[in-house]
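Examining the three-dimensional arrangement
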Amino acid sequence: MEALQWRILPLLTMIASFLLFFYFQYPSQQYPTNCSLLPFQHYWIASKHIVTPQGVISGAVEIKDGKIASIVKEEEKHGKIKSENVIDYGEAVVMPGLIDVHAHLDDPGRAEWEGFPSGTKAAAAGGITTLVDMPLNSEPSTVSRETLELKIKAAESRIYVDVGFWGGLVPENAFNASALEDLLDAGVLGLKSFMCPSGINDFPMTNASHIKEGLSVLAKYRRPLLVHAEKVQELESNLGVEDGSNNPRSYSTYLKTRPPSWEEAAIEDLLTLTKDTRIGGPAEGAHLHIVHLSDSRSSLNLIKEAKSGGDSLTVETCPHYLAFSSEEIPDGDTRFKCSPPIRDAANKEKLWEALLGGHVDMLSSDHSPTLPELKLLDDGDFLRAWGGISSLQFVLPVTWSYGQKYGVTLQQLALWWSERPARLAGQKLKGAIAIGNHADIVVWDPDVEFDLDNEFPTHVKHPGISAYLGTKLSGRVAATFVRGNLVFEEGKHAPALCGVPILAS
Ligand SMILES: NC(=O)NC(NC(N)=O)C(=O)[O-]
Ligand SMILES: [Zn+2]
Ligand SMILES: [Zn+2]
């Protein structure tokens, strides 16, 4: 016994000193598991253009253990910051990281379309620090506690940025309050449903009664319902079958199959339900969010009216509706196919007007990629090709570039891409450069122009299907911080994937 002790003791001492040596050599504070390209966790980001809710300031943001510890104005900097831990970005813009509340990463089950690793790597390179994944296009769809658990498992250790999840409201669970509560208790940030076929078999559409039920459950949780608002209406013409103008390679043919009246009809239905969300109404606490609005005429007027009546209602549009117009879409170029469709130039102008006027609340990517074969790029058949735009990495430069003409400000970008999306997704510690918030930050150069060509380093799985490929953009993302970790800088990603799944509690 004693002999054994004498042999083990020196061995233990040796192991202990070995561990101590490594601890002091590489203290965990100093090298946080490769999550960050920076060697420290307490530092300052300095710039002449820091976008805060109170305005754009020159100064520095103090970051400590992943949070924003203080914001120091230029004139107050002296003596308040340790110069060796300052990253000075000069004239570059320091803004809250983008929060994309509408992305389809198709994982698990259809990861060959995108997947968590490539999708979130692209997000990090594009200045998106949080995204909320849609419940459909993965296999299975996220419609129950079990299927949410599969999502979380697919995301864990495989994401470069933080990812939350919307759950699906489908006929199968809509009248089953305990199933919906189970899904909400498991942590989805809210629900999402379709008022037209979604294109995915295990994600059937809902009608007004399903949505009413969903809202009543959501009211208790104070989480939103997101709706794809298009309702199939009988088409007025027979698409020019008689006059021969129904060429499936022509974008105008596709446009005629999904007229603005579809959006209008869906929104009319929805607004009969959102009245209940008013203060004192039976669904007070519930909130309805209309995703990817394209029609800026009648649909938007209905939304404006309901909002002014006190309905708890918000609406998003996407960069592709603001950047492109139907007249310019080349024959056969199915990269531009999405639903609702991109409409004419006059519609686009009115959409900008509504965004600038505060009637459209926020922006989202609706990144919905697929396999290049399913885009039928060779055939160019708009009626049969997969509908969905691939854009995730480019939404910041796209919004900035196409917004120049309208005098878009940095403050507006932060509102549309961070502050309001954070509120929709219930993320109180995200969406603004403010003391106590997560240090989720994008640093970018508004004046740097680049050609988005085949040479440009893109990280989405299938860059060739992006409608933005071949355009010239301004606004280059220089660095992205997620909870204080420098996850992307100058084309390089941090070695470890340290994004975390975000669950509502
Ligand atoms: N199944 C989809 O990804 N659909 C999406 N497709 C688009 N937007 O064309 C969507 O959000 O409706
Ligand atoms: Zn949709
Ligand atoms: Zn979508």
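Residues numbered from 1 in each chain as written. Chains lettered and ligands numbered in written order. Predicted model: local features only at pLDDT ≥ 70, side-chain atom pairs only at ≥ 80, totals over all residues. Heavy atoms only, no water.

Quick word on the sheet that holds strand 8 (residues 162-165)
The sheet built from 4 strands is open, its strands ordered 6-7-8-19 with parallel pairing. Each end of this open sheet is capped by a strand with a single partner; those strands are strand 6 (98-103) and strand 19 (501-502). The sheet contact formed by strand 6 and strand 7 (residues 128-133) spans 4 bridges and is parallel. Residue pairing for strand 7: I99 is matched across the bridge by T130. (Pairing = 2+ DSSP bridges. Helix = DSSP H or I, 4+ residues; strand = E, 2+ residues; numbered from the N terminus.)

Some words on the nonpolar core
M95 and I211 are the most contacted members of the largest nonpolar core, which totals 101 residues. I211 has contacts with L169, S193, M195, T206, L225, V227, L270, L273 and L288, leaving out every residue within four places of it along the chain. By size, the runner-up hydrophobic cluster in this structure holds 24 residues, among which are I200, F203, L424 and I502. (Core = buried A, V, L, I, M, F, W, Y, C linked by side-chain atoms within 4.5 Å. Buried < 20%, exposed > 50% of the residue type's maximum accessible area, 1.4 Å probe, protein only. Contact = heavy atoms within 4.5 Å.)

Focus: the coordination of the zinc ion (ligand 2)
Looking at the zinc ion (ligand 2), the protein donor atoms are H228 (ND1) and H292 (NE2), and they sit 2.1 Å from it. Viewed at the metal, the 4 donor atoms of the zinc ion (ligand 2) are separated by angles of 56 to 146 degrees, and the geometry they form is irregular. Between the zinc ion (ligand 2) and the zinc ion (ligand 3) the interatomic distance comes to 3.8 Å. With H228 in strand 11 (residues 224-228) and H292 in the loop between strand 12 (287-290) and helix 9 (298-308), this residue pair connects regions lying 64 residues apart in the sequence. We note that H228, like H292, is buried. (Donors = N, O, S within 2.8 Å, 3.2 Å for Na, K, Ca; no water. Tetrahedral: all angles 85-135°; square planar, octahedral: opposite > 155°, others 65-115°.)

Brief notes about the environment of D379
Locating D379 in the fold gives a position in the loop between strand 14 (362-363) and helix 12 (395-403). Sequence-wise, D379 and P248 are 131 residues apart; in three dimensions their C-alpha atoms are separated by 9.4 Å. There is a polar contact of 2.8 Å between the side chain of D379 and the side chain of R384. (Polar contact = N/O pair within 3.5 Å; in protein donor to acceptor, adjacent residues only side chain to side chain.)

As for the site of ligand 1
Surveying the vicinity of ligand 1 reveals 15 residues, the closest of which are N137, H228, S339, D366 and S368. Taking H102, its side chain carries an N or O atom lying 3.5 Å from an oxygen atom of ligand 1. Contact distances for ligand 1 include 3.2 Å between an oxygen atom and a side-chain N or O atom of H104. Protein chains shield 98% of the accessible area of ligand 1, which is 320 Å² for the free molecule. (Near = heavy atom within 4 Å. Areas by Shrake-Rupley, 256 points an atom, 1.4 Å probe, with all protein chains shown as cover.)

Let's talk about the coordination of the zinc ion (ligand 3)
Within the protein, the zinc ion (ligand 3) binds to H102 (NE2), H104 (NE2) and D366 (OD); these donor distances fall in the range 2.0 to 2.1 Å. Seen from the zinc ion (ligand 3), its 4 donor atoms lie at angles of 85 to 130 degrees, and the figure they make is tetrahedral. All donors of the zinc ion (ligand 3) belong to a single chain; written as a sequence motif, their spacing is H-x1-H-x261-D.

Overview of the sheet that holds strand 9 (residues 167-168)
The strand order across the open sheet built from 6 strands is 9-10-11-12-13-14, with neighbouring strands paired in parallel fashion. Two strands bound the open sheet, and with one partner strand each, they are strand 9 and strand 14. Here helix 8 (residues 260-274) sits on the sheet in contact with strand 11, strand 12 and strand 13 (313-317), set at roughly 165 degrees to strand 12. (Axes fitted to C-alpha atoms, helices over the stretch in contact; angles between N-to-C directions.)

Re the environment of G109
Tracing the sequence through the fold places G109 in the loop between strand 6 and helix 2 (116-125). Judged by its relative accessible area of 44%, G109 is partly exposed. Along the sequence, G109 and A125 sit 16 residues apart, while their C-alpha atoms lie 24 Å from each other.

Here we look at the confidence of the model for the chain
Mean pLDDT for the chain: 94, with 92% of residues reaching 70 or above. Considering only residues more than four positions removed or in separate chains, one finds that residues 20-32, a stretch of pLDDT under 50, has 6 contacts. Among the prediction metrics, the complex's ipTM stands at 0.98, with pTM recorded as 0.93. (pLDDT = per-residue confidence, 0-100.)

Observations concerning helix 8
Under the 1.5 Å per step criterion, the end-to-end length of helix 8 is 21 Å for 15 residues, consistent within 8% with the ideal 21 Å. Within the span of helix 8, buried status applies to W262, E263, A265, A266, I267, L270, L271, L273 and T274. On its buried face, helix 8 sits against helix 6 (208-221), strand 11, helix 7 (251-257), strand 12, helix 9 and strand 13. (Expected span 1.5 Å × (residues − 1).)

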